[in-house]
Protein chains: 2
Amino acid sequence: MAKITAISGFPEYLPAEQKVFSQMMDTIRHHYELYGFSQIETPAVERIDTLSAKGGNEKEIYALRRLAAQEGEKDEKDLALHFDLTVPLARYVAQHYGQLSYPFKRYQMQPVWRGERPQAGRYRQFYQCDIDVIGNESLPVYYDAEIIALIYKTIKALNIGDFVIRLNNRKALQGMLSAFDIPEDKIAQAIKVIDDIEKVPAETTAERLTNLGSSQAEELLTWFNLDTDNFGRLKAYKDLDGNDMLEEGVSELTTVYEALLALDVPESAFKIDPAIARGLDYYTGTVYETNLVEHKDLGSISSGGRYQDLIGKFSNKNCPGVGGSIGLTRLFPELVKRGIISIDVPVGADVFVTAMDDSQMPHYIKIAEKLRNAGIKTEVLMEKKKFDKQMKLADKKGCKLALIMGEDEINSQQVTIKNLTDGQQQSTTEADLISTVKSLLK
Amino acid sequence: MAKITAISGFPEYLPAEQKVFSQMMDTIRHHYELYGFSQIETPAVERIDTLSAKGGNEKEIYALRRLAAQEGEKDEKDLALHFDLTVPLARYVAQHYGQLSYPFKRYQMQPVWRGERPQAGRYRQFYQCDIDVIGNESLPVYYDAEIIALIYKTIKALNIGDFVIRLNNRKALQGMLSAFDIPEDKIAQAIKVIDDIEKVPAETTAERLTNLGSSQAEELLTWFNLDTDNFGRLKAYKDLDGNDMLEEGVSELTTVYEALLALDVPESAFKIDPAIARGLDYYTGTVYETNLVEHKDLGSISSGGRYQDLIGKFSNKNCPGVGGSIGLTRLFPELVKRGIISIDVPVGADVFVTAMDDSQMPHYIKIAEKLRNAGIKTEVLMEKKKFDKQMKLADKKGCKLALIMGEDEINSQQVTIKNLTDGQQQSTTEADLISTVKSLLK
């Protein structure tokens, strides 16, 4: 017999966990649609040269091969599983460029695969829940605020505790580093240093920045810990000795700040934070990360930002974009483990029709069908078991009501309804069944 | 630049098509849940020895390899993409056996992959929408009827025209073949002949059955074309010279027939059809296929049946089951091509807030947010364009209402609402906006 064990890195849930996971996916989807984003799905597979067009990801790519491929067969050799949803989006926009309306607001919620070496906490298959707005030639910075506001509303609706969206602008950061004497050709390295600022001691960061040419590394560092609010931090940015890059970045950041307030995002939910850099190449303006206040060790649960050029590798069109992503697969088991969400949820129907008498099965089925026609989730146990066992099963499935129809009830067109939450029983007629059940389920 | 062309066999939709496809998936999911089925998802990947435990599918299997795998690296060598959802279900039940409640009613809607040679109409990635009920030791035949009734309700709700579920029982078929002198050791071959009955001339079938030992091949053949109704066909089955296998099968078929009527499935929607055989090995009792009445050339759009032993390859538990599947990916483009479903659907929000004045953007955003807080799907164009262009965009996205707020309107707290369906305009106050929009969207 084939041995059955879990495959490391490929999560799988029992029905109750799956239900909560799917409900969270539905909440995300609902909010994405509320803001006018429309869904796309791309195949799990892209060409390898598409996936590696931006370079650097070879290690993570799972290529396909037909198990029964003939020697020298070529047709599948160039296919591999996507490792994110951004490269597929770029390919999609390039391929269907003329058939899309701009700004193109799309959401995409699919698994992605990364060929990582198996180790604890590393997923080799995980869902990404992405939103992006893609412009044609231009895209106002207001869309950056919309993405962040939407991420705020969505995570808020997930009801997983307080969180803070940490917000910055890459141009402002670069301009600030220039203002503190980091030479042009060291900016990229300095951003890497800032990216690590929370992982290393302050002295190490200061030393690194000094080595990169800053004569004011200490002052620069205190700047990352200003004891003030968003307005104060924005003002500090504005008050810095100017350069064009800085001014452009600060102006964008100001627009985003004001738009977030117009979009009802409370000041307590976001923080302008110059230490947010988001890696090196991709982002060109707004960048953000999101942390749960009480669970910072989980790292960022949603991040994203503005990029100048989505499809440059695939097309000569100029399509700037801004996007965000919620990484639900990594987050979900931690939320369960820490008791932030409960997986003690019903997995069965609301109403459980018991099997009191095998010969009455057509009657039970008919009653169940009546309830379903009224939109009530109903299941029928279609094999008589001991009553206790039936109640246990209904309880395990989380059904709310059990219908009991023995010979007497059937002859008098009555139904006994047992409330599985409090154990109370009541009788009703078949004619009143639907309205009684509906009121009990309210 | 990387060349961008579609990859044969991996379907991808534009937003409007995707929306209709997703709505159909939602309809299916809704009905599956209405009958008390709970969702599971299994990873895209299984071990190769799991996938090939039942044998015969090697050709279709896409195995994975890490693109950057080291020479001699072994850890990924045994992983491959699932080619259906039945083998993963069997593995899931075997792996989580003790943690599930029986009968275990699960649905699963995921893509599967088959490493077919590219050719027209062949999909290498497609969605399956499966339901199965898995028993522990036993499972009454009533569940067979429930599966078929649920498939009926679901396809009916998809609103894709008249269809007929063709229903049979493998035991009844086998018993009938015995009754017509096919010897025990030729039954499997005879079932293959019946499976092909619609593809070859009647004489060929008669000749084949004669060659397999039947002395009454002509009579047997007329039997497949009885000019009668379901009751008549069931009676004909019952009236055949008996054997145990036949009696058992006919008894099951009778139970299914009566339960389908109790479940409100109209006689016109299903047909007891002795020519339905469904291949060779897997099914052991009830079998069904489904055809669109006006589009028989599409082949079966949903099929399934009863199997004696789901997990025998992975466990020594005895788990009989019954299931059905809707193959939406293959069906969908044909429904579109034949005009059975329309993809002329809105892909944007219901309300489109126009950009009349860039300096008023925070006001537009605020208004939009108010509508969203009332649950109304709303998008804001955040870059001023010519009014005509804005109307075209809103129309292309299928938005229903456009809000227009110039300086005058804003100063007097008014909003002009343009109905994009009939072009009518009306004015309302900001205070009345939500109620006005809601009544216009009704």
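Here, every reference points to the structure presented above.
Anyway, here's the lowdown on the structure attached to this text. As the structure is a prediction and not an experimental result, all values here were calculated from the model.

### Thoughts on the relation of the copies chain A and chain B
Okay, so step 1: Note on the copies: chain A fits chain B at an RMSD of 0.1 Å, the axial shift is 0.0 Å, and the rotation between them is 180°. Between the two chains, the operation in question is that of a two-fold axis. Residue A:Leu64 of chain A places its C-alpha closer to the rotation axis than any other residue of that unit, at 2.4 Å.
Okay, so step 2: Of the interface residues in chain A, 100% have counterparts in chain B that sit at the interface too, so the contact is made through matching surfaces.

### Observations regarding the pattern of salt bridges
Okay, so step 1: In the structure shown here, the tally under the stated rule is 52 salt bridges over all chains.
Okay, so step 2: In this structure, A:Glu379 engages A:Lys397 in a salt bridge whose closest nitrogen and oxygen atoms are separated by 2.8 Å. Of the two residues, A:Glu379 sits in strand β13 (residues 378–380) while A:Lys397 sits in the loop between α13 (387–396) and β14 (401–404), which places them 18 residues apart along the sequence.
Okay, so step 3: Between B:Arg278 and B:Glu289 there is a salt bridge; the shortest N-O distance is 3.4 Å. Linking B:Arg278 in the loop between β8 (270–272) and β9 (286–292) with B:Glu289 in strand β9, this pair joins segments that are 11 residues apart in sequence.
Okay, so step 4: Look at B:Arg278 and you get partly exposed, because its relative accessible area is 24%.
Okay, so step 5: By relative accessible area, B:Glu289 is classed as buried at 15%.

### Some thoughts on the sheet that holds strand β14 (residues 401–404) of chain B
Residues and elements named next belong to chain B.
Okay, so step 1: Here five strands make up an open sheet; going across it, the order is β13-β12-β14-β15-β16 and the pairing mixed. Here the strands that pair on one side only, and so sit at the sheet edges, are β13 (378–380) and β16 (425–429). Going across the sheet, the axis of each strand differs from the next one's by a mean of 25°, ignoring polarity.
Okay, so step 2: Examined bridge by bridge, strand β12 (residues 351–353) and β14 share three bridges and lie parallel to one another. Paired with Val 351 across the bridge in β14 is Leu 401.

### Quick look at the pairing of β9(B)
Residue and element names in this part refer to chain B.
Okay, so step 1: Within β9, seven of the seven residues are buried, leaving the element largely enclosed by the surrounding structure.
Okay, so step 2: Alternating positions in β9 separate into two faces, Thr 286, Tyr 288, Thr 290 and Leu 292 on one and Val 287, Glu 289 and Asn 291 on the other, with burial throughout.
Okay, so step 3: Looking at chain direction, strand β7 (residues 163–169) and β9 are connected through seven bridges and run antiparallel. Among the inter-strand pairings, Arg 166 is bridged to a residue of β9, identified as Glu 289.
Okay, so step 4: Across four bridges, the pairing between β9 and strand β10 (residues 302–307) is antiparallel. Bridge pairing in β10 places Tyr 288 opposite Gly 304.

### Here's the deal with the packing of helix α4 (residues 142–158) of chain A against helix α10 (residues 244–262) of chain A
Residue and element names in this part refer to chain A.
Okay, so step 1: Axis separation between α4 and α10 bottoms out at 8 Å; the angle between their running directions is 45°. By the criterion of interaxial angle, the relationship of α4 to α10 is oblique. Judged by the sense of rotation from one axis to the other, the crossing of α4 with α10 is right-handed. On α10, the residues touching Tyr 142, Asp 144, Ala 145, Ile 148 and Ala 149 of α4 are Thr 255, Val 256, Ala 259 and Leu 260.
Okay, so step 2: Grouping the amino acids of the contact of α4 with α10 by side-chain chemistry returns seven nonpolar, one polar and one charged.

### Here's the deal with the packing of helix α1 (residues 15–34) of chain B against helix α4 (residues 142–158) of chain B
Two quantities define a packed helix pair, namely the angle between the helix axes and the distance between the axes.
Residues and elements named next belong to chain B.
Okay, so step 1: Contact pair α1 / α4: the axes reach a minimum separation of 9 Å and the direction vectors enclose 150°. Comparing their axes, α4 and α1 come out roughly antiparallel. Considering the relative orientation of α1 and α4, their crossing is right-handed. Together, Met 24, Thr 27, Ile 28, His 31 and Tyr 32 of α1 and Leu 150, Ile 151, Lys 153, Thr 154, Ala 157 and Leu 158 of α4 make up the contact between the two elements.

### With respect to the environment of A:Ala63
Okay, so step 1: Tracing the backbone shows A:Ala63 in strand β3 (residues 62–66).
Okay, so step 2: Contacts of A:Ala63, omitting those with residues within four sequence positions, involve A:Ile48, A:Leu79, A:Ala80, B:Ala63, B:Leu64, B:Arg65 and B:Leu67.

### A word on the interface of chain A and chain B
Size of an interface: often given as the accessible area lost when the parts come together.
Okay, so step 1: At the junction of the two partners, chain A supplies 106 residues and chain B supplies 106 residues.
Okay, so step 2: Summed over both partners, the interface of chain A with chain B buries about 9,400 Å², with 55% contributed by carbon and sulfur atoms.
Okay, so step 3: The largest share of the area that chain A buries against chain B comes from A:Ile4, A:Glu12 and A:Met382, three residues that together contribute 7% of it.
Okay, so step 4: At the junction of chain A and chain B, the tally comes to 42 residue pairs in polar contact (both at pLDDT 80 or more).
Okay, so step 5: Here the side of chain A that touches chain B is built from residues that sort into 50 nonpolar, 21 polar and 35 charged.

### Details of the sheet that holds β10(B)
Residue and element names in this part refer to chain B.
Okay, so step 1: Read across the sheet, eight strands follow the order β1-β5-β6-β11-β10-β9-β7-β8 without closing on themselves; strand pairing throughout is mixed. Where the open sheet ends on each side, the last strands, each with one partner, are β1 (38–39) and β8.
Okay, so step 2: As judged from the two bridges shared by β1 and strand β5 (residues 104–113), these two strands associate in the parallel manner. Within β5, the position partnered with Ser 38 by the bridge is Arg 106.
Okay, so step 3: Sheet strands touched by helix α10 (residues 244–262): β7, β8 and β9. Its angle to β7, the strand with the most contacts, is close to 150°.

### Some words on the packing of aromatic side chains
Okay, so step 1: This structure, assessed with the given rule, holds 25 aromatic pairs over all chains.
Okay, so step 2: Feature note: the residues A:Tyr13, A:Phe21, A:Tyr127 and A:Phe332 constitute an aromatic cluster, connected by ring pairs.

Conventions we followed
Residues numbered from 1 in each chain as written. Chains lettered and ligands numbered in written order. Predicted model: local features only at pLDDT ≥ 70, side-chain atom pairs only at ≥ 80, totals over all residues. Heavy atoms only, no water. Least-squares fit on C-alpha atoms with pLDDT ≥ 70 in both. Contact = heavy atoms within 4.5 Å. Salt bridge = Lys/Arg side-chain N within 4 Å of Asp/Glu carboxyl O. Helix = DSSP H or I, 4+ residues; strand = E, 2+ residues; numbered from the N terminus. Buried < 20%, exposed > 50% of the residue type's maximum accessible area, 1.4 Å probe, protein only. Pairing = 2+ DSSP bridges. Axes fitted to C-alpha atoms, helices over the stretch in contact; angles between N-to-C directions. Parallel < 35°, antiparallel > 145°, perpendicular 65-115°, else oblique. Left-handed = near helix turned anticlockwise from the far one by under 90°. Nonpolar A, V, L, I, M, F, W, Y, C, P; charged D, E, K, R; others polar. Buried area = accessible area lost by both parts, 1.4 Å probe. Polar contact = N/O pair within 3.5 Å; in protein donor to acceptor, adjacent residues only side chain to side chain. Phe/Tyr/Trp six-rings, centres within 6.5 Å; stacked < 30°, edge-to-face > 60°.

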